[in-house]
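For reference, the chains in residue letters:
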Amino acid sequence: MIAALAFYLFAAILIGSAVMVVTARNPVHSVLFLILGFFNAAALFLLAGAEFLAMILVIVYVGAVAVLFLFVVMMLDINFAQMREGFQRYAPVGATVGAMLLLELGIVLGGWKFAPDAANFRFAPRIAELENTAHLGQLLYTDYILLFQLSGLVLLVAMIGAIVLTLRDRGPSRRQIIARQIARKASETMVMVDAPIGTGVGAADYLHPIPEAAEKPDTHEHAHAGHGGH
Amino acid sequence: MIDFLFNTTLGFFILTLLKAFALLVPLLMCVAYLTYAERKVLGAMQMRKGPNVVGPFGLFQPFADAIKMLMKETIIPSGANPVLFLLAPMLTFGLAMIAWAVIPVNDGWAIADINVGVLYLFAISSLGVYGVIISGWASNSKYPFLGALRSAAQMVSYEVSMGFVMVCVLLCVGSLNLNKIVMAQQTIWFCIPLFPMFVIFFISTLAETNRAPFDIPEGESEIVAGFFLEYSAMAFALFFLGEYANMILMASMTTILFLGGWLPPFGIPTPSWMGPIWFILKDCVVLFFFLWTRATFPRYRYDQLMRLGWKVFLPFSLFYLVLVAGVLLAFGWLPHAA
C-alpha cells in the first residue's frame, strides 16, 4: 500500500516537473524543475529495488551534470522572445521524437504484460542472491566489458575534443609555476642594499640586477626565477 | 509496546521518527558547541580568550547567538526571487541533516542500514552545492552570484578526487555498506595502508565544506560574504548551522572510511556501549584538524585551487586507485573474490 502510494506520489511529481521544464518561463526554473524530475526518477528506481542506479542518477546527473547546466544557464543572457520563436517550426520534430519514445515504452510494457516469461530469455541473467551493485559489476566487467570499454573510449574522445576546442594560448600571461617558486632561494630573489643615511636608495640600487624576465619574457626560462626584485 | 514498534507499519514509522530525534537533537547540540569550540580554538591559537562572558567559560554563547538570530528581522531583497531565496538555506540545512540517516555511530546503530551507504553519502554531499548556487542566483546581487559560481566549480572539482578515494576504500572492503566498511577495519584502520588517500580525502572534505583555506565562495576579503551576503536572521542561521553540520558529517565520513568508526584504537577491548564514545572522540580529533587548518593557512587563490584539484589530486588519486587495485589483485586480497 505504502509502496503504491509512494509510487504514485513520485510519478506524479516527476510528470509535473517534466511538464514544468518545458513550460517554465524562466530557464533557471526549468533547470531546477529538471533536477526535481531527476530526484523523483531516482526515487522510482529506489522503489523498483535498483538502489545503485538511483544513487548514481543523483550523483552523476543531479550532482554534476545539472550543476554545470545551471551554471551555464545562469550565465547566459537568454532572450525569451527569440527562444519562443522557433517553437512552431520545431514542434513536429519534437513530437516525432516523443512519439517514438512513447512507442518504445509501449513495446517494453506490452512485452512485459503479454509475455511475462520473456524475462527469462534476457541476455543478462539475474543472479538472485547478489545485491544489485555487485550484480551490475559482475555483468558489466565480464559479459559486457567490450561495450563498457567502448563507451569509455567514446567519452574519452569527447573529453579530448572539448579540451582541444577550448584550450587556447592566451599570449603572455604570467603563469604561476609552483615548482619553480618552491625551488628558488632567498639569494636569487633578494638583494641586500646598504642604504646610506640621509640619501636612501634609488631605483638603480634595488633593481639591481634588473630581472631579465622583464626584458625578454620567453627566451630565458630559468634566467631569474620568477619576477624577483619587484 | 515493543511488538507494536517493531512489527507494525505505523510502529515502524514512529520508531524511525524517534531514532531520527535521538540522532538530530544531540547533533544540533554538537553543531552549537562546534561553533563555540571553533571560536575557543581560534582564540587559543591567536592568543586570545575567545567567548568567555556568557555563562561559565562562555559556555552559553551558542544559545545567546541562536536567540539573537531568532530575534532579528528576515530581510528579503526587493530584486530577489523570494521562493528560491528562502528555499536555498532550507535546502542546505536539510541536506546536512538527511545525510545522517545512514551514519552508523555503533555497530548497526544507523537509522537506515542501506547497501549503498557510501553512495548515498556521496550523493547527498554532492547536492550541497545547490544551496549555494540557488542562494547566489536568487539573491540577484553581484557578490553572491560570484560566490555561487566559484563554489559550483570548486565543489564539482573536489568531488572527483573524493570519489576516487572512496573507490579505493570500497575496493579494500568489497561493500558499499557503511557498517561493513567499519567492520573491515578491525585488523587495521584504513588510514595506515591508504595514508595518502586519507590526506587527500581530508583536504577534499575541507574544499567540499567550503572551509578555510578553500573558503573562496565566502571570501570575506574579496566578495564580502559570498553566497549568503543578502541573508539575515534565521535564513543566515540555517546556512551557518548547515555548514557546521556538514563539517561534522564530513568528519564522521572520515572517521568511518579511515579511522575505524566506533572501533577502539589498537584493539583495546572495550564494552560495546563505548562505541559511540570512540566515534565522537575520533570526530572531535578530525574536527580539531578542521579548526587548526583554518587558523593556520591563508586562503587559496582561485586558479591555485583548481590546479590542486585537477592537476594534483585527480592524477594522484587515480594512480593510487590503480595501485591499490593492483596490489589487492596481485596478493589475492580482493574481498568477494568469487
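Residues numbered from 1 in each chain as written. Chains lettered and ligands numbered in written order. Predicted model: local features only at pLDDT ≥ 70, side-chain atom pairs only at ≥ 80, totals over all residues. Heavy atoms only, no water.

**Overview of the overall build of chain A**
Helices and strands together make up the secondary structure of chain A, namely 10 helices and 0 strands. If you list the helices and strands of chain A from N to C, you get α-α-α-α-α-α-α-α-α-α. The buried share of chain A, taken over its 230 residues, is 18%. A sequence separation of at least 24 residues applies to 52% of the contacts in chain A between residues at least 6 apart. (Helix = DSSP H or I, 4+ residues; strand = E, 2+ residues; numbered from the N terminus. Buried < 20%, exposed > 50% of the residue type's maximum accessible area, 1.4 Å probe, protein only. Contact = heavy atoms within 4.5 Å.)

**Observations concerning the interface of chain B and chain A**
Contacts between chain B and chain A engage 29 residues on the former and 25 residues on the latter. When the two sides are added together, the surface that chain B and chain A hide from each other amounts to roughly 2,300 Å², 77% of it contributed by carbon and sulfur. Linking chain B to chain A there are 0 salt bridges. At the junction of chain B and chain A, the tally comes to 3 residue pairs in polar contact (both at pLDDT 80 or more). Elements supplying a minimum of two residues to the side of chain B that touches chain A: α2 (9–45), α5 (117–138), α6 (142–173) and α12 (302–330) of chain B. Along the lines of polarity and charge, the residues of the side of chain B that touches chain A split into 19 nonpolar, 5 polar and 5 charged. (Buried area = accessible area lost by both parts, 1.4 Å probe. Salt bridge = Lys/Arg side-chain N within 4 Å of Asp/Glu carboxyl O. Polar contact = N/O pair within 3.5 Å; in protein donor to acceptor, adjacent residues only side chain to side chain. Nonpolar A, V, L, I, M, F, W, Y, C, P; charged D, E, K, R; others polar.)

**Remarks on the confidence of the model for chain B**
For chain B, per-residue confidence averages 85 on the pLDDT scale, and residues scoring 70 or more make up 98% of the total. Between the elements of chain B, mean pLDDT differs from a low of 70, seen in helix α9 (residues 220–223) of chain B, to a high of 90, seen in helix α8 (residues 195–208) of chain B. (pLDDT = per-residue confidence, 0-100.)

**Topic: the packing of α8 of chain B against helix α10 (residues 233–258) of chain B**
Residue and element names in this part refer to chain B. Direction vectors running N to C along α8 and α10 enclose 165°, while the axes themselves pass 10 Å from each other. As summarised for this structure, α8 and α10 are arranged roughly antiparallel, according to the angle between their axes. You can see that α8 and α10 cross each other, and the crossing is right-handed. The segment α8 lies against α10, with M197, F198, F201, T205 and E208 engaging M250, M253, T254, L257 and F258. A per-class count over the contact of α8 with α10 returns 7 nonpolar, 2 polar and 1 charged. (Axes fitted to C-alpha atoms, helices over the stretch in contact; angles between N-to-C directions. Parallel < 35°, antiparallel > 145°, perpendicular 65-115°, else oblique. Left-handed = near helix turned anticlockwise from the far one by under 90°.)

**So, empty space enclosed by the protein**
Residues and elements named next belong to chain B. The full count for this structure, using the stated rule, is 3 cavities of 30 Å³ or more. Considered as a void within the structure, the largest cavity measures approximately 230 Å³ in volume. At 6 residues, the largest contribution of residues to the lining of the largest cavity is made by α10. Residues of the lining of the largest cavity, tallied by class, amount to 9 nonpolar, 7 polar and 3 charged. (1 Å grid on protein atoms, 1.4 Å probe; cavity = no way out; pocket = protein on both sides within 12 Å on 5 of 7 lines; lining within 4 Å. Points joined across faces, edges and corners; volume = space filled by probe spheres on them.)

**Here we look at the packing of α5 of chain B against α10 of chain B**
Residue and element names in this part refer to chain B. In the contact formed by α5 and α10, the axes pass within 12 Å of each other and the chain directions differ by 155°. Put simply, α5 runs roughly antiparallel to α10. Two packed elements cross with a definite hand, and for α5 against α10 that hand is left-handed. For the pair α5 and α10, contact is made by V118, L121, S125, G131 and S135 and by F239, L249, M250, M253 and L257, respectively. Partitioned by chemical class, the residues of the contact of α5 with α10 number 7 nonpolar, 3 polar and no charged.

**Some details on the layout of surface pockets**
By volume, the second largest pocket is sized at about 1,100 Å³. Lining the second largest pocket are 32 residues, with F10, A43, L46 and M55 of chain A together with Y120 of chain B positioned closest to its centre. Those elements that place two or more of their residues in the lining of the second largest pocket are α1 (2–23), α2 (27–47) and α3 (51–75) of chain A together with α2, α4 (82–98) and α5 of chain B. Per element, the largest residue contribution to the lining of the second largest pocket is 7 residues, and it comes from α2 of chain A.

**Examining the side chain of T293 of chain B**
All names here are of chain B. As for its placement among the helices and strands, T293 is situated in helix α11 (residues 275–296). The exposure class of T293 is buried, given its relative accessible area of 9%. With residues up to four places along the chain from it excluded, the contact list for T293 reads F202, L206, A212 and P213.

**Some points on the pattern of salt bridges**
Residues and elements named next belong to chain B. Under the defined criterion, the tally for this structure stands at 6 salt bridges over all chains. Among the salt bridges present, the one from R294 reaches E38, with a minimum N-O distance of 2.8 Å. Here E38 lies in helix α2 and R294 lies in helix α11, a separation of 256 residues in the sequence. In this structure, the salt-bridge partner of R301 is D303, at a minimum N-O distance of 2.8 Å. Salt bridges here are not isolated pairs; linked through shared partners, they connect E38, R211, E243 and R294.

**Here we look at unusual backbone geometry**
When glycine is set aside, most residues are seen to have a negative phi, and most peptide bonds are trans. Residue and element names in this part refer to chain B. Not every positive phi belongs to a glycine, and M47 is a case in point at roughly 55°. Looking at the secondary structure, you find M47 in the loop between α2 and α3 (61–71). Exposure remark for M47: the relative accessible area of 79% places this residue in the exposed category. Here F57, not a glycine, exhibits a phi torsion of approximately 55°, which is positive.

**Describing the environment of V169 of chain B**
Residues and elements named next belong to chain B. Secondary-structure assignment places V169 in helix α6. Each C-alpha atom, one on V169 and one on I181, is 8.0 Å from the other, the two residues being 12 residues apart in sequence. Apart from the residues within four sequence positions on either side, V169 is in contact with I181, F190, L194, L257 and F258.

**Things to note about α1 of chain A**
Residues and elements named next belong to chain A. Spanning 22 residues, α1 covers 31 Å between terminal C-alpha atoms, matching the ideal 32 Å at 1.5 Å per step. All buried positions along α1 are accounted for by A6, A11 and S17. In a view along the axis of α1, the buried residues occupy a sector of 135°, so they form one face of it. Pointing more than 90 degrees away from the buried face of α1 are the exposed residues L5, Y8, I15 and V22. Check the buried side of α1 and you find it contacts α2. (Expected span 1.5 Å × (residues − 1). Arc of directions from axis to C-beta.)

**Things to note about the packing of aromatic side chains**
The full count for this structure, using the stated rule, is 21 aromatic pairs over all chains. Measuring from ring centre to ring centre gives 5.0 Å for Y141 of chain A and F148 of chain A, while their planes differ by 70°; the resulting arrangement is edge-to-face. Given the relative accessible area of 29%, F148 of chain A is considered partly exposed. Ring geometry for F85 of chain B and Y231 of chain B: centres 4.1 Å apart, planes at 0°, overall stacked. With F85 of chain B in helix α4 and Y231 of chain B in the loop between α9 and α10, the pair connects residues that are 146 residues apart, well separated along the chain. In textbook terms, an aromatic cluster arises when at least three aromatic residues are bridged by ring pairs, as seen for F202, F288, F289, F290 and W292 of chain B. (Phe/Tyr/Trp six-rings, centres within 6.5 Å; stacked < 30°, edge-to-face > 60°.)

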